[in-house]
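# Chain and residue survey
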Amino acid sequence: MEIGKHLPSKASQHVTAGPYSPVLIVKADKIALISGQAPLDDEGNVIGETIEEQTRVTLDNCLKQLQTVDCDLGDVFKVNVFLTDLEEWERFNVVYQEYMPEPRPVRTAVQAGLLSTFKVEIEMWAVHN
């Protein structure tokens, strides 16, 4: 099944860029959006103390929401990441690139005050095929 997104042949980015695409072409007649997901279990308990642990739980929660509409992480074309501490950016990226297949989504990341003891919150946009 075609995923509905691709990296243009002339796309390029600076060498310090992280695991994301600078631009994508998206062909979709349906788009699925998930609200910000956090490192929570089904009972609302914060899971994980490190950025790596919380990122894994948060990305698993993103995948769980995407699967409810027959999407997966390969269908995602836009990600917004909110971190409480941008000093943890590189550690976040190590986990993120394990989860996100090529071509990776375009992405925005900002430092933000988050609820509870969250270190990360992630929202995603996906092509629903």
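In what follows, the structure referred to is the one given above.
The shown structure was predicted, so the numbers you read here are calculated from the model rather than taken from an experiment.

### A closer look at the overall build of the protein
Counting its secondary structure elements, the protein contains two helices and six strands. Beginning at the N terminus, the succession of helices and strands in the protein can be written as β-β-β-α-β-α-β-β. Expected size for 129 residues packed as a compact globule is a radius of gyration near 14 Å; at 14 Å, the protein falls within 12% of this value. Over its C-alpha atoms, taken along the principal directions, the protein stretches across nearly 40 × 35 × 20 Å.

### Focus on the packing of aromatic side chains
The full count for this structure, using the stated rule, is three aromatic pairs. Between Trp89 and Phe92 the ring centres are 5.7 Å apart and the planes differ by 15°, which places this aromatic pair in the stacked class. Highlighted residues: Trp89 and Phe92, both in helix 2 (residues 89–99), separated by three residues, approximately one helical turn. A residue is classified by how much of its surface remains accessible, and Trp89, at 24% relative accessible area, is partly exposed. Residue class for Phe92 comes out buried when judged on its relative accessible area of 0%. Put simply, the rings of Trp89, Phe92 and Tyr96 touch in pairs and so form one group of aromatic residues. Across from the ring centre of Tyr96, 4.5 Å away, lies the NZ or CZ of Arg107, which sits over that ring.

### What about the environment of Ile25?
In this fold, Ile25 is placed in strand 2 (residues 25–26). Counting along the chain gives 44 residues from Ile25 to Val69, while the straight-line C-alpha distance between them is 22 Å. Not counting residues within four places of it along the chain, the set of residues in contact with Ile25 comprises Gly4, Lys5, His6 and Pro8.

### Some remarks on the nonpolar core
Grouped together as the largest cluster of nonpolar side chains are 20 residues, with contacts concentrated most on Leu66, Val76, Val79, Phe92, Ile122 and Met124. The set of elements that each furnish at least two residues to this core consists of strand 3 (31–37), helix 1 (51–67), strand 4 (76–83), helix 2 and strand 6 (120–127). Excluding its chain neighbours within four sequence positions, the residues that come into contact with Met124 are Ala32, Leu33, Ile34, Leu59, Cys62, Leu66, Leu73, Val76, Lys78, Val79 and Met100.

### Considerations on the packing of helix 1 against helix 2
Angle between the axes and distance between the axes are the two parameters that describe a pair of packed helices. In the contact formed by helix 1 and helix 2, the axes pass within 9 Å of each other and the chain directions differ by 30°. In the packing of helix 1 onto helix 2, the handedness of the crossing is right-handed. Residues Ile51, Glu52, Thr55, Arg56, Leu59 and Asp60 of helix 1 pack against Arg91, Phe92, Val95, Tyr96, Glu98 and Tyr99 of helix 2. Its residues assigned to classes, the contact of helix 1 with helix 2 shows six nonpolar, one polar and five charged.

The rules behind these values
- Residues numbered from 1 in each chain as written.
- Predicted model: local features only at pLDDT ≥ 70, side-chain atom pairs only at ≥ 80, totals over all residues.
- Heavy atoms only, no water.
- Helix = DSSP H or I, 4+ residues; strand = E, 2+ residues; numbered from the N terminus.
- Rg over C-alpha atoms; globule rule 2.2 N^0.38 Å.
- Phe/Tyr/Trp six-rings, centres within 6.5 Å; stacked < 30°, edge-to-face > 60°.
- Buried < 20%, exposed > 50% of the residue type's maximum accessible area, 1.4 Å probe, protein only.
- Lys NZ or Arg CZ within 6 Å of the ring centre and 35° of its normal.
- Contact = heavy atoms within 4.5 Å.
- Core = buried A, V, L, I, M, F, W, Y, C linked by side-chain atoms within 4.5 Å.
- Axes fitted to C-alpha atoms, helices over the stretch in contact; angles between N-to-C directions.
- Left-handed = near helix turned anticlockwise from the far one by under 90°.
- Nonpolar A, V, L, I, M, F, W, Y, C, P; charged D, E, K, R; others polar.

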